[in-house]
Each structure stands twice: as C-alpha cells, then as structure tokens.
Amino acid sequence: MKIGLFIPCYIDQFYPKAAVAALELLEKMGLEVYFPKNQTCCGQPMANSGFEHLTTGCNRLFIENFSSFDYIVCPSGSCVMHLKEHLHLSGHDQQAKAIREKLYELTEFLTDILEINELSASFPFKVGLHQSCHGQRGLKLSQMTELVAPAFSKPEKLLAMVKGLELIPLNRKDECCGFGGTFCVTEEAVSVKMGKDRLSDHLRNGAQYITATDLSCLMHLEGILRRQKSSLKIIHIAEILNHQPL
Amino acid sequence: MKAMEHAQAAEAFIRDEARTDWHDETLWFVRQKRDLAAQGLPEWEQLRDWASGIKNHTLSNLSQYLALFEENALKNGIKVHWAMDAVEHNQIIHQIIKEGKICRMVKSKSMLTEECHLNAYLAAQGIEVIDTDLGERIVQLRKEAPSHIVLPAIHLKKEDVSDTFNEFLDTEKGNNDPQYLTESARQHLRDYFVGAELAITGVNFAIAETGGFVVCTNEGNADMGAHAANIHIACMGIEKLIPKAEHLGVFLRLLARSATGQPITTYSSHFHRPRPGQQMHLVIVDNGRSRQLGRADFRNSLKCIRCAACFNTCPVYRRSGGHSYHTAVAGPIGSILNPNIDMKANADLPFASTLCGSCSNVCPVKIDIHEQLYKWRQVLVKEGHVPSSKKTGMAAMTLVLSKPTLYRLAGKMGRVALKYAPFVVNNSLNPWYKQRDMPQAPEESFREWYQKNRK
Ligand code: SF4
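From a predicted model like this one, the values you see are computed outputs, not experimental measurements.

Chemist: Would you mind showing me how to read the sheet that holds strand S1 (residues 79-83) of chain B here?
Modeler: The pairing of strands in a sheet comes from backbone hydrogen bonds and takes either a parallel or an antiparallel form. Residue and element names in this part refer to chain B. Within the open sheet, the six strands sit side by side as S1-S10-S7-S4-S2-S3. Their pairing is parallel. Edge positions in the sheet fall to S1 and strand S3 (129-131), since each of these pairs with one other strand and no more. For this sheet, the mean angle separating the axes of adjacent strands, direction not counted, is 20 degrees. Here strand S2 (residues 105-107) pairs with S3 via three bridges, running parallel. Paired with Val106 across the strands is Ile130, a residue of S3. Lying on the sheet, helix H5 (residues 86-99) is in contact with S1, S2, strand S4 (198-201), strand S7 (231-237) and strand S10 (279-285); it crosses S1 at an angle near 145 degrees.

Chemist: What's the story with the packing of aromatic side chains in this structure? I'm lost.
Modeler: For any pair of aromatic rings, geometry is given as the distance between the ring centres together with the angle between the planes. All names here are of chain B. Considering all chains together, one arrives at 20 aromatic pairs over all chains under this definition. Measuring from ring centre to ring centre gives 5.6 Å for Phe205 and Phe251, while their planes differ by 40 degrees; the resulting arrangement is tilted. Here Phe205 is found in strand S5 (residues 205-207), whereas its partner Phe251 is found in helix H12 (residues 248-259), with 46 residues between them in sequence. Its relative accessible area of 0% is what places Phe205 among the buried residues. Here Phe251 falls in the buried class, since its relative accessible area comes to 0%. When the ring of Phe446 is compared with that of Tyr450, the centres are 5.8 Å apart and the planes differ by 45 degrees; the resulting orientation is tilted. One end of the pair, Phe446, and the other, Tyr450, are both in helix H22 (residues 446-453), four residues apart, so they sit about a helical turn from each other.

Chemist: Teacher, can you tell me more about the sheet that holds strand S2 (residues 32-34) of chain A here?
Modeler: Residues and elements named next belong to chain A. Ordered by their spatial adjacency, four strands build an open sheet running S2-S1-S3-S4, and the pairing between neighbours is parallel. Looking at the sheet topology across the chains shown, the edges are occupied by S2 and strand S4 (103-105). Along the sheet, successive strands turn relative to each other by an average axial angle of 30 degrees, direction set aside. Where strand S1 (residues 2-5) meets strand S3 (residues 71-74), three bridges bridge the pair, whose relative direction is parallel. Bridging from a neighbouring strand, Ile3 pairs with Tyr71 of S3. Relative to S4, helix H6 (residues 93-102) is tilted by about 30 degrees, and along the sheet it contacts S3 and S4.

Rules used throughout
- Residues numbered from 1 in each chain as written.
- Chains lettered and ligands numbered in written order.
- Predicted model: local features only at pLDDT ≥ 70, side-chain atom pairs only at ≥ 80, totals over all residues.
- Heavy atoms only, no water.
- Pairing = 2+ DSSP bridges.
- Helix = DSSP H or I, 4+ residues; strand = E, 2+ residues; numbered from the N terminus.
- Axes fitted to C-alpha atoms, helices over the stretch in contact; angles between N-to-C directions.
- Contact = heavy atoms within 4.5 Å.
- Phe/Tyr/Trp six-rings, centres within 6.5 Å; stacked < 30°, edge-to-face > 60°.
- Buried < 20%, exposed > 50% of the residue type's maximum accessible area, 1.4 Å probe, protein only.

Shape descriptors only; they carry no functional weight alone.
In structure tokens:
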C-alpha cells in the first residue's frame with residue numbers, strides 16, 4: 001500500500017515533530033509512506049475567509065502531488081475536511097473525486113482502514129482530549145454532544161491503547177477552542193476568550209497535556225499558555241501514539 | 001443603525017470578563033437543559049428529520065400554501081393583509097390603529113415587529129406600544145433592543161433589573177428578589193392589559209388547512225392581550241406556514257425542548273377566528289424572504305422556527321452578547337438571515353463564527369447554518385464587501401501557497417522572524433500577539449528533516 005503523507009503548511013513549518021511522529025507511526029505499520037515535496041497547503045485559509053475562488057492553484061498542486069497514491073493520510077482533521085468538501089478543479093473532476101475519497105485523517109485511517117487494536121506506545125500522563133470541531137463535527141471522528149445518538153470516539157479508542165495514559169474528563173466535552181482560521185485575528189477578543197475557557201476546563205480537571213487531532217487548535221491554545229507561562233503542555237495525538245516507553 | 005462591527009462590539013463586551021463568564025454560563029445552562037430534554041426522546045433525530053422535511057416541502061410550495069391559508073383565514077373571518085416590506089407592515093398596523101382611534105395597546109413577543117422596528121415607527125407617530133413579555137418590557141424600559149430572541153433580557157442580571165424597576169416602576173431600591181421583581185412587573189402590566197384596546201402578537205405557526213395560527217408563550221401574555229382587547233393583530237413572516245394541524249405534533253415538541261428544555265411552552269394558544277365583536281387581523285410579511293427563498297444556497301434558512309438553540313450553543317454568541325450582532329435576530333441564524341436584508345451593513349456577521357458547526361447540530365429543523373456562513377463569506381467577498389487590505393493579504397498568501405519554491409522560501413524567513421503563519425494575514429499589527437505567543441521556532445521544517453532522513 002502506497003501512502004502519500006500530506007503535512008499541512010503550518011505543521012511543516014512549526015510542528016515538524018508531529019509530522020515525524022505521523023510518518024514513523026505509519027511506517028511502523030509496515031506501510032510505504034512518501035512525502036511529495038511540492039505540496040504546500042489545502043487552501044482552507046483562503047476559502048474560510050471567503051476567497052475560495054483563489055484556491056485553484058492550491059487545488060492543482062494538491063492533485064499533481066497526490067494522485068498516484070492508494071491512500072492519502074494527514075495529521076489534521078481540519079485540512080482533510082476542507083479538501084473532502086472543496087477539492088475541485090475544472091478539467092480534473094475524476095482525479096479530484098478520487099482524492100476526496102482516498103483521503104483520511106490520521107486517527108480515522110488507523111481505526112477504520114488499518115483497524116488497529118494495539119499500539120506499543122506509552123505515555124504516563126494525564127491527558128485532556130480537545131475535540132477539534134472540523135475533525136469531530138466535520139469528519140465525525142467522534143460523536144457530538146448535540147445529537148441523540150450512540151457514543152463513539154476514534155481518537156479515544158486509540159488513546160486507550162496507550163500504556164499509562166489517563167484520559168481526564170471535561171466539563172464541556174466538545175466546545176470549540178476559538179481558533180477558527182482567520183477568526184483568530186479578526187475576532188481576536190472572542191477567539192482568545194474561547195481559548196482561555198477551554199484551557200481552564202482542562203486545568204480544572206487536572207490535565208498535564210492537551211492533545212488533539214488538529215495542531216491549529218493546539219497552536220492557538222499553546223499561544224495563550226505560553227503567554228500565561230503555564231506548565232500545561234500541548235501535544236499532537238500522533239506524538240502520543242508514537243511515544244515509546246522510556 | 002450599526003455602531004460597531006461585531007468584532008469591536010464583542011471586544012467591548014469581553015472587557016468585563018466576569019460578566020462574560022456569567023453570560024456564557026447562563027446560556028450554557030440553557031443548552032444543557034436542551035440536551036437533557038432532547039436525550040429524553042429516543043425519537044429526537046427522527047423528529048428533526050420530519051420537521052426539516054415538512055418545512056422543506058412547505059417552502060417548495062409556499063405560494064400555494066399561502067393562498068390556501070389566506071382562503072381559510074378569510075373564511076374564518078380573519079382580515080388578511082399582505083406587506084411587501086417593513087415599511088408596509090408598519091403602515092398597515094398604523095392604519096388599523098388610526099381607523100380604530102386606538103390609544104392604548106399592548107404587544108407580546110414578535111421578532112418580526114422587532115425586525116420591522118414597529119415600536120420606533122409608531123413612536124414617531126406619537127403612539128406608544130407596551131411590550132408585555134417580561135424580558136421585552138425590561139429592555140423597552142431601558143430603551144435597549146432584545147439581545148436574544150427567546151430570552152430578550154438575558155444580558156441583564158437581576159441587579160440591573162432591580163435598578164431599572166426602581167427607576168421606572170418605583171420598586172424598592174436594591175431589592176433583587178426575582179419573586180418581588182416579577183410581581184412588581186405583573187402589577188405594572190396588569191393595568192395595561194385591562195385597558196388595552198388593541199393587542200399585537202406574533203405567530204409561531206400558521207396552519208394552511210385550517211386558516212388558524214398558534215402563538216407560544218411561557219407567560220400567557222399573548223393570550224391576556226388578545227383576549228382583553230377588541231382588536232387583535234397578529235404579524236407573521238411568510239415562512240411561518242405549516243401545511244396541516246397534525247404537523248404541530250412535530251413542531252411543538254421540538255420548539256420548547258430546543259428553546260429552554262421544557263417539554264412544551266406553558267401556553268400554546270390556537271387562534272382561529274375573532275370572537276363576536278372582535279376584529280382579528282393577520283399581517284403577512286415578505287421583507288426579503290422571497291428573495292432569500294430564491295437563493296438556492298440560503299433558502300433553507302427560512303425553515304427557522306426561532307427556538308434560539310443555535311444562540312445558546314454558539315460559543316461566540318455566549319461570549320459576545322446579542323447586541324454585538326447589531327440586528328433584531330442575532331446569533332448564528334441572524335448571521336445567515338441578515339446579509340439577505342442588507343448585505344453591506346451585515347457583511348461582518350458571517351465572519352463572526354469559527355464554523356464549529358454546533359449550531360447546525362442543535363437546530364431542530366436541521367438548517368445547515370455553518371455551511372451557509374461559509375457560503376455567505378464567498379458571496380460577500382465576490383460582491384466586494386470585505387476591506388481591501390484583506391484582499392491584498394489573501395492574494396499574497398495565495399501566491400506563496402500555490403508556488404512550492406516561494407513557499408519554501410517564505411517558510412524559512414517566517415521561522416526566522418516568527419512573524420508568519422499562513423492563516424494569519426501577515427502585517428505588523430498582527431492581533432495574534434495581543435494575548436498569545438507564536439510557537440517556538442523549530443530548527444528545521446519537516447520537509448528539511450525529511451530531505452535528510454528519508455531520501
Ligand atoms: S436556526 Fe434552528 S436552532 Fe437557530 S433559532 Fe432557527 S430553528 Fe432554532
């Protein structure tokens with residue numbers, strides 16, 4: 001199975017460790033993983049700001065870089081959701097459709113395609129799981145508290161396989177952190193207030209780490225934590241799932 | 001009309017952080033009550049499907065149902081008026097008041113009359129209308145607009161209400177006992193109910209097959225008004241229709257549970273015909289609704305039954321307050337309805353969201369609210385309703401992101417300067433830094449690492 005690894009621009013630039021962890025994790029499963037070097041971005045930053053019409057270049061690059069793989073895996077629910085909903089390119093309808101169908105967020109790829117039941121990871125800490133909205137409500141990685149429907153959670157299923165990890169409960173299980181793309185600057189006050197409120201929920205419940213399937217949320221939360229000089233840390237879920245016993 | 005853009009008004013709201021927390025928690029509590037009520041019905045998602053389907057069908061056949069409704073309402077002896085827009089709506093009501101030589105009138109909650117600014121219009125003609133919903137009366141006394149469509153005074157604490165009543169109703173200063181305050185309001189409103197010659201109400205559901213309509217309140221104030229006065233005027237938007245009375249079995253179960261977590265509103269009053277000697281008028285208003293119906297991407301917004309569940313769940317609304325939306329209907333639904341009414345004035349609203357999607361999940365009629373917010377953003381940009389600085393920033397970002405070589409270069413510089421994140425339109429006054437730091441710069445990007453370690 002040939003896997004194309006899609007590493008969104010801000011992970012590439014700011015959180016390479018999460019990308020390395022995702023790569024190593026997939027390699028450990030015996031997969032052939034490639035990182036096409038001309039990839040850049042899914043186009044979501046423009047599209048969510050109302051400039052979807054400017055994303056043609058990004059879409060073309062994406063299709064060029066990823067058409068040849070059996071699956072495309074990405075450690076960001078938000079970028080995956082955007083592509084699944086909006087990857088189109090006139091003249092390349094078939095290719096775009098094929099990509100939308102073989103594109104997976106990392107945790108859903110592990111639970112749904114590889115159907116893994118065990119991991120060798122160990123992470124002896126108290127961890128709070130932040131449900132990134134696009135992964136949760138967009139890709140349905142876990143059940144949403146608004147709906148009257150059976151509970152499930154793909155990220156939690158994986159975290160439960162990690163030795164020593166204690167998942168802490170939250171008072172608001174799936175409230176948005178306030179990142180929201182350009183929202184984080186255009187609505188700075190609300191964005192930061194939402195972030196602070198999420199952080200207090202995790203702190204109140206004893207978290208040592210906050211993890212998520214999306215680093216964009218975590219980067220926003222980390223920004224506030226660092227400003228507040230807090231000892232609470234953020235970590236991408238791939239890094240936990242790939243964390244070796246010391 | 002608009003003093004500030006949403007972002008600025010929200011910033012001002014949040015400056016009082018303790019109060020923001022209180023506002024957030026108060027509304028979150030309502031959301032939790034809604035969750036409990038919904039969880040109590042195993043068929044909840046089925047009900048939402050039905051409600052959405054019925055509304056969809058009605059909207060697809062709206063002209064026929066409106067005609068049928070009018071025919072049956074007329075048969076019942078109701079006088080039916082059609083209003084193209086807010087001005088016509090206000091003029092029709094003014095005319096009825098003039099013809100009846102009416103001096104005293106009461107009004108129960110109607111978001112449509114707020115949308116049409118009826119009170120202000122009548123006040124300009126020297127006519128005073130008394131709002132009888134407790135929350136609406138409070139904000140009316142304070143000369144404020146409602147901040148929430150179900151809980152109009154939710155932005156106020158009991159201390160604020162006590163001060164207002166002390167000023168206008170002469171209650172004891174500093175007495176914050178809710179029981180005492182509501183009792184005072186009750187006594188104050190009683191005189192107006194008894195003396196009213198005319199009562200205005202809203203409409204929650206208009207039933208095509210019967211020509212009747214249903215008004216839901218918790219306080220019974222719509223009934224008090226309509227039963228005491230000799231003239232009853234009910235105002236409704238064209239989207240309030242449902243085909244059959246039996247459909248109420250779906251909507252009444254959803255409405256109160258979604259709104260407040262109650263199984264049903266305390267009063268769900270069915271009006272069919274005037275009682276002997278009474279006049280009953282219905283004003284049916286378009287005010288941009290048929291235009292919205294014609295917008296394929298946004299027609300669904302007309303399914304709304306004004307339960308406000310999307311307000312209560314919205315993490316932005318809870319932390320910015322209803323007034324920051326500067327429109328009669330605030331919250332997520334307001335942000336997809338108001339650009340239709342005035343695109344330029346309300347261009348900020350679709351951006352006042354993180355697109356988290358919680359609104360669409362709680363909506364009892366399954367409006368794809370967050371998807372419409374996204375779509376409105378595309379429309380607003382195309383129609384030129386965003387600042388040109390944003391356009392330049394986006395164009396620069398697009399250029400970088402669609403050229404791999406430029407991207408690698410920009411990334412390098414960005415990590416050095418720690419000033420650049422692709423989703424943050426880059427400028428020296430970047431608001432990111434006000435309360436947040438940027439991530440620590442790694443020594444190398446992933447692609448640099450990959451180059452060394454895998455190829
Ligand atoms: S959009 Fe849906 S949730 Fe919001 S007020 Fe209307 S019916 Fe209620």
